[in-house]
Amino acid sequence: MKIKVDMDYVIVGSVTAIIAVAMIVFFHFNQKPTAKRKQAPKSKRDYVFGIDVSHYQGHINWNKVKQSHHPIEFVFVRSTMGVNGNDQYFNRNWRHAKELGFMRGAYHYFRPNEPGLKQFENFKQRVRLERGDLPPVIDIEEQSIKGNNHLIKELKVWLTEVESHYGVKPIIYTGHTFYNTFLKGKLNGYTLWIADYNYGSKQRIKHTGWSFHQFTDKVRISGIKGSVDGNDYAGKLDELSALCLN
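Model, not experiment: these values are computed from the prediction. (Residues numbered from 1 in each chain as written. Predicted model: local features only at pLDDT ≥ 70, side-chain atom pairs only at ≥ 80, totals over all residues. Heavy atoms only, no water.)

Enquirer: Describe the packing of helix 5 (residues 148-166) against helix 6 (residues 176-183), listing the residues and the values that go with them.
Expert: Following both chains from N to C, one finds helix 5 and helix 6 inclined at 105°, their axes separated by 11 Å at the closest point. Put simply, helix 5 runs roughly perpendicular to helix 6. Judged by residue contacts, Asn-148, Leu-151, Ile-152 and Leu-155 of helix 5 engage Phe-178, Phe-182 and Leu-183 from helix 6. Tallied by class, residues from the contact of helix 5 with helix 6 come to 6 nonpolar, 1 polar and no charged. (Axes fitted to C-alpha atoms, helices over the stretch in contact; angles between N-to-C directions. Helix = DSSP H or I, 4+ residues; strand = E, 2+ residues; numbered from the N terminus. Parallel < 35°, antiparallel > 145°, perpendicular 65-115°, else oblique. Contact = heavy atoms within 4.5 Å. Nonpolar A, V, L, I, M, F, W, Y, C, P; charged D, E, K, R; others polar.)

Enquirer: Now, about the layout of surface pockets: what can you tell me, with residues and values included?
Expert: Each pocket or cavity is described by its volume, and for the second largest pocket that value is around 280 Å³. Looking at the second largest pocket, it is lined by 16 residues, and the ones nearest its centre are Asp-52, Ser-54, Tyr-107, Asp-139 and Asp-229. Taken together, the elements giving at least two residues each to the lining of the second largest pocket come down to strand 1 (48-53), strand 2 (72-81) and strand 4 (103-109). Classifying every residue of the lining of the second largest pocket gives 8 nonpolar, 3 polar and 5 charged. (1 Å grid on protein atoms, 1.4 Å probe; cavity = no way out; pocket = protein on both sides within 12 Å on 5 of 7 lines; lining within 4 Å. Points joined across faces, edges and corners; volume = space filled by probe spheres on them.)

Enquirer: Can you tell me about the packing of helix 4 (residues 116-126) against helix 5, naming the residues and giving the values?
Expert: Packing of helix 4 against helix 5 brings their axes to within 8 Å, and their N-to-C directions diverge by 35°. Here helix 4 runs over helix 5; the crossing is right-handed. Of the residues in helix 5, those touching helix 4 at Gly-116, Leu-117, Gln-119, Phe-120, Phe-123 and Lys-124 are Glu-154, Val-157, Trp-158, Glu-161, Val-162, His-165 and Tyr-166. Here the residues of the contact of helix 4 with helix 5 sort into 7 nonpolar, 3 polar and 3 charged. (Left-handed = near helix turned anticlockwise from the far one by under 90°.)

Enquirer: Go over helix 6 with me, naming the residues and quoting the values.
Expert: Turn by turn, an α-helix covers 3.6 residues, leaving residues three or four places apart pointing in a common direction. For helix 6, the complete set of buried residues consists of His-176, Phe-178, Tyr-179 and Leu-183. In a view along the axis of helix 6, the buried residues occupy a sector of 160°, so they form one face of it. The elements touched by buried residues of helix 6 are helix 5, strand 6 (171-175) and strand 7 (191-195). Gly-185 lies just past helix 6 and shows a positive phi near 80°. (Buried < 20%, exposed > 50% of the residue type's maximum accessible area, 1.4 Å probe, protein only. Arc of directions from axis to C-beta.)

Enquirer: Mind laying out helix 3 (residues 90-99), listing which residues take part and the relevant values?
Expert: Among all positions in helix 3, only Phe-90, Asn-93, Trp-94, His-96 and Ala-97 are buried. In this fold, the buried residues of helix 3 make contact with strand 1, helix 2 (62-66), strand 2, strand 4 and helix 4. Immediately beyond the C-terminal end of helix 3, within one or two residues, lies Gly-101, with a positive phi of roughly 85°.

Enquirer: Mind laying out the packing of aromatic side chains, listing which residues take part and the relevant values?
Expert: Aromatic ring pairs: the centre-centre distance and the angle between the two ring planes describe each pair. Taken as a whole, this structure holds 14 aromatic pairs when the rule is applied. Look at Tyr-47 and Trp-210: their rings are 5.8 Å apart centre to centre, the planes differ by 45°, and that puts the pair in the tilted class. In this pair, Tyr-47 sits in the loop between helix 1 (2-30) and strand 1 while Trp-210 sits in the loop between strand 7 and strand 8 (212-220), placing the two residues 163 residues apart along the sequence. Plain terms: the ring middles of Phe-49 and Phe-215 are 6.3 Å apart, the flat faces sit at 50° to each other, and that makes the pair tilted. Taken together, the residues span a long stretch of sequence, with Phe-49 in strand 1 and Phe-215 in strand 8 at a distance of 166 residues. Since its relative accessible area comes to 4%, Phe-49 is described here as buried. A residue is classified by how much of its surface remains accessible, and Phe-215, at 1% relative accessible area, is buried. Aromatic rings pair up to connect Phe-74, Phe-76, Tyr-173, Trp-193, Phe-212 and Tyr-233 into one cluster. Above the face of the Tyr-190 ring, Lys-169 is positioned so that its terminal group lies 4.3 Å from the ring centre. Just above the ring of Tyr-47 sits the side chain of Lys-202; from NZ or CZ to the centre is 4.8 Å. (Phe/Tyr/Trp six-rings, centres within 6.5 Å; stacked < 30°, edge-to-face > 60°. Lys NZ or Arg CZ within 6 Å of the ring centre and 35° of its normal.)

Everything listed is a geometric property; what it means functionally is a separate question.
Now the structure itself:
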């Protein structure tokens, strides 16, 4: 009897151990992971949020964009590039942005080895601003093969001609590193739009005097295929409106 009783305990104990191990394995492989998938940074309530678009976004469904959960207040639309480049979707994007009540602005991609005056003429022929539009934007991302002094000279031509024609100082868009290396201290007095994708943080650009911050290129918005750039304006909505043409 003693041996039989001992064997019963061994059998019962073994079965219990097997069940316990099975439960541990089950919960280990079926437990939901605690780490969240990294997502594109989001605009904070301290800023006014907007996007910028070009032909790279293709045919945009603007009605869906308007219904997006993102608090989009402004849209910058690429119009022209260099002395003769035209964005094929500009007219459509420009019209719909206005019709749906977004504050809109047009931007020109500056080609550093082409004359600034002819680039201005290309922009002027394509872009007619109306009351409530944001100032024109010059997008500068490349250095000239003729050197930085030549680049600054041609940029100043474009900036001066645009201000004279539209009656408002343009906005300068550029990358954070490019600004520090080539532009800082050479084009003062302009509203600055800085691109810096540091997970939405403003820490690295806090000494640039920025007004707009392009903080990501990975925003997903209903009505737009793929990703789009996300931007913050450093101020309130009424302050952004004050930048617009009267």
